[in-house]
Amino acid sequence: MHSRKHHARVLILVSTLLLAGASNFQCTNDNSGKSKSSGGKSGIKIRVAAEQKITGNSGGFNGNLGKGDKFGSAVTDPGDLESDGVTDLAVGAPFGDDGGNNRGTVWVLFMNADGRVDQHQKISATAGGFGGNLKDDDEFGSAVAGIGDLDSDGVFDLAVGTPGNDNGGMNRGGVWILFLDAMGKVRGQQEIADSTGGFGGNLGNEDNFGSAVTAIGDVNGDGITDLAVGAPNSDDGFDNAGAVWILFMKMDGKVESRQKISSNGGSFGNNLKADDQFGAAVAGIGDLDKDGIPDLAVGAPGTSAGKGVIWVLFLDAGGKVREKQKIADGTGGFNGSLVDNDRFGSAIAAVGDQDGDGIADLAVGAPNDDDGANDAGAIWILIMETDGRVNGWQKVSDGSGSFGGNLKADDHFGSAIAGIGNLDNSGLADIVVGAPGDDSSGADQGAVWILFMERKI
């Protein structure tokens, strides 16, 4: 029987005027007649120049998706795996049925510069050399993260979340570290779960650890990239308030030590409430405040009747929170007009310096936004300051940001986001967005959109 927490986890997967002075910002319009929502710096307009859709039957991808796979529930830039000069992608389809019901799948997509797929490699219980033991409803591929070359073999590696993993108890969750070869197949793997892989973090039933995962950078200064893993249904402080685990990693994919961040731990403070689902999304955002330690953005999409928030966390070398900044409708310099159940914060990604001010910016998903149709979805590009506040924004949706794609009801565009660097060599970093509810190749088979961005001055 599925619990209320299980249903909350499914929601995460499928849905999930500024203080600098209003005179510095402007609204923009194009010729479509649709409403626009922007707040870019004066004279700067960030928008979508072109887009490429990837589904089971478009964009050069012919990966034979199944009904309800929800391809696009997670996306990441793993680096240039095949060393052809073009950044590649990994895409999660957590409801794929290879080997059993909802065991899940990850697709490695070798990309062309035009946003189309050159070739692909499937990783699942029955494909891609994966030797791990997946079980029904593990939902492998609910989260994916490029983690650099963890084992220093010259090929980039992946972390993949399995929030339905039952190690130690029901839906406690887990993460697989996948050591890849240059063709995207798995050369070796290491599981991290309750009492597995060096992790002794005392997970609870229905925590759904592995709903989100990201590489943060080297937090503790040992030369090895560390991870942050979301457990959005953790009950620290309140029911489903959520938590994030900072994992200090070894090169073999095991955990050296860990630090939990929640209402009750990690110096975060009692800032969460029931059903906030803090940890539904996590993103390494580099060293935003330039103190020598990488920082972290965390989504809590259940906050404020599902309007959602993100938290920018400035960490210390032990993985505890030194300072924090909340970003929500009317808070942290952001006033992007969110409404109940938009679920802003269901996905977060660092997307390069979009406005050219030398500071890395963020994109945040609101997959239940109703622009154009019910739950069609949206993303918000946030122009950041070094203190974690927002200095501008641009919404991209069916009605905003010059997006030319055709979104439909229940597409949940914005359920997943990744920066992909300057894919088309246009001079501005591009963005990948998942729409796992897309039906264009079959019911809920899902889609990924490549957004080629431009900046007009």
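As the structure is a prediction and not an experimental result, all values here were calculated from the model.

Cut-offs used in this document
- Residues numbered from 1 in each chain as written.
- Predicted model: local features only at pLDDT ≥ 70, side-chain atom pairs only at ≥ 80, totals over all residues.
- Heavy atoms only, no water.
- Helix = DSSP H or I, 4+ residues; strand = E, 2+ residues; numbered from the N terminus.
- Buried < 20%, exposed > 50% of the residue type's maximum accessible area, 1.4 Å probe, protein only.
- Areas by Shrake-Rupley, 256 points an atom, 1.4 Å probe, with all protein chains shown as cover.
- Lys, Arg positive; Asp, Glu negative; His and termini not counted.
- Charge placed at Lys NZ, Arg CZ, Asp CG, Glu CD.
- Pairing = 2+ DSSP bridges.
- Axes fitted to C-alpha atoms, helices over the stretch in contact; angles between N-to-C directions.
- Salt bridge = Lys/Arg side-chain N within 4 Å of Asp/Glu carboxyl O.
- Contact = heavy atoms within 4.5 Å.
- Polar contact = N/O pair within 3.5 Å; in protein donor to acceptor, adjacent residues only side chain to side chain.
- Phe/Tyr/Trp six-rings, centres within 6.5 Å; stacked < 30°, edge-to-face > 60°.
- Lys NZ or Arg CZ within 6 Å of the ring centre and 35° of its normal.
- pLDDT = per-residue confidence, 0-100.

Engineer: Just give me the short version of the overall build of the protein, but keep the residues and values in it.
Structural biologist: What the protein contains, in helices and strands, is two helices and 24 strands. Looking at the protein as a whole, 62% of its 457 residues are labelled buried. When the accessible surface of the protein is split by element, carbon and sulfur atoms take 43% of a total near 15,100 Å². Taking the 35 positively charged and 64 negatively charged side chains of the protein as two groups, their mean positions are separated by 4 Å.

Engineer: Describe the pairing of strand β13 (residues 255-261), with residues and values.
Structural biologist: Examined bridge by bridge, strand β12 (residues 243-249) and β13 share six bridges and lie antiparallel to one another. If you follow Ile 246 over to β13, its bridge partner there is Gln 259. Taking the residues between adjacent antiparallel strands as the criterion, β12 and β13 are bridged by five residues, where Gly 253 takes a positive phi near 90°.

Engineer: Go over the sheet that holds strand β11 (residues 226-231) with me, naming the residues and quoting the values.
Structural biologist: With antiparallel pairing, the four strands of this open sheet are ordered in space as β10-β11-β12-β13. In this open sheet, the two edge strands, each paired with only one partner strand, are β10 (212-217) and β13. Adjacent strand axes in the sheet meet at a mean angle of 25°, parallel and antiparallel pairs treated alike.

Engineer: Report on the pattern of salt bridges, specifying residues and quantitative values.
Structural biologist: Under the defined criterion, the tally for this structure stands at 14 salt bridges. Across the salt bridge formed by Arg 187 and Asp 153, the nearest N and O atoms sit 2.9 Å from each other. Taken together, the residues Arg 187 in strand β9 (residues 186-193) and Asp 153 in the loop between β6 (143-146) and β7 (158-161) connect sequence positions 34 residues apart. With a shortest N-O distance of 3.1 Å, Asp 371 and Lys 395 are connected by a salt bridge. Placement of Asp 371 in the loop between β19 (362-366) and β20 (378-384) and of Lys 395 in strand β21 (residues 390-397) is noted, with a sequence separation of 24 residues between them. As far as burial versus exposure is concerned, Asp 371 and Lys 395 are alike and both buried. Put simply, Asp 151, Asp 153 and Arg 187 are held in one network by salt bridges that share partners.

Engineer: Summarise the sheet that holds β9; cite the residues concerned and give the values.
Structural biologist: Reading across the sheet, the four strands line up as β6-β7-β8-β9 and stay open at both edges, with antiparallel pairing between neighbours. Looking at strand neighbours, the two that pair on one side only are β6 and β9, the edges of this open sheet. Ignoring which end each strand starts from, the neighbouring axes of this sheet average 20° apart. Of the strand pairs in this sheet, β7 and strand β8 (residues 174-180) are connected by four bridges, and their pairing is antiparallel.

Engineer: Tell me about the pairing of β7, and please be specific about residues and values.
Structural biologist: Here β7 shows a buried face lined by Leu 158 and Val 160 and a second buried face lined by Ala 159 and Gly 161. Taken together, the four bridges between β6 and β7 define a ladder with antiparallel strand orientation. Its bridge partner lying in β7, Ala 143 is registered against Gly 161.

Engineer: How would you summarise the environment of Asp 316 if you had to cite specific residues and measurements?
Structural biologist: Assignment of secondary structure puts Asp 316 in the loop between β16 (309-315) and β17 (321-327). Along the primary structure Asp 316 and Asn 220 are separated by 96 residues, whereas in three dimensions their C-alpha atoms are 8.3 Å apart. Excluding residues within four positions of it along the chain, Asp 316 makes contact with Val 219, Ile 293 and Arg 322.

Engineer: Could you give an account of the side chain of Ser 262, naming the residues involved and the relevant values?
Structural biologist: Among the secondary structure elements, Ser 262 is positioned in the loop between β13 and β14 (281-284). A polar contact is formed between the side chain of Ser 262 and the side chain of Asp 236, at a distance of 2.7 Å.

Engineer: I'd like a rundown of the packing of aromatic side chains, residues and numbers included.
Structural biologist: All chains considered together, the criterion is met by 13 aromatic pairs. Judged by centre distance (5.1 Å) and plane angle (85°), the ring pair of Phe 130 and Trp 176 falls under edge-to-face. On the criterion of sequence distance, the pair formed by Phe 130 in the loop between β5 (117-124) and β6 and Trp 176 in strand β8 is long-range, its members being 46 residues apart. For the pair Phe 130 and Trp 176, a shared accessibility class is recorded, and that class is buried. Through pairs of rings, three or more aromatic residues link up here, namely Phe 334, Phe 344, Trp 380 and Trp 393. Between the NZ or CZ atom of Lys 324 and the centre of the ring of Phe 268, over which it lies, the distance is 6.0 Å.

Engineer: Hey, could you go over the environment of Val 339 for me, with residue numbers and the actual values?
Structural biologist: Looking at the element boundaries, Val 339 is found in the loop between β17 and β18 (347-350). Through-space distance from the C-alpha of Val 339 to that of Val 244 is 26 Å; in sequence the pair is 95 residues apart. If we skip the residues at most four places from it in the chain, Val 339 touches Gly 306 and Lys 307.

Engineer: Can you lay out the environment of Gln 354 for me, pointing to particular residues and giving the numbers?
Structural biologist: Note on placement: Gln 354 falls in the loop between β18 and β19. Given the relative accessible area of 0%, Gln 354 is considered buried. Separated by 101 residues in the primary sequence, Gln 354 and Arg 455 have C-alpha atoms spaced 7.4 Å apart. Once residues within four sequence positions are removed from consideration, Gln 354 is found in contact with Ile 46, Asp 361, Ile 381, Ile 383, Leu 428, Ala 429, Ile 431, Met 453 and Arg 455.

Engineer: Please set out the confidence of the model for the protein residue by residue, giving values where relevant.
Structural biologist: For the protein, per-residue confidence averages 91 on the pLDDT scale, and residues scoring 70 or more make up 90% of the total. pLDDT under 50 marks residues 1-36. Its contacts with residues more than four places away, or in other chains, come to 100 contacts.

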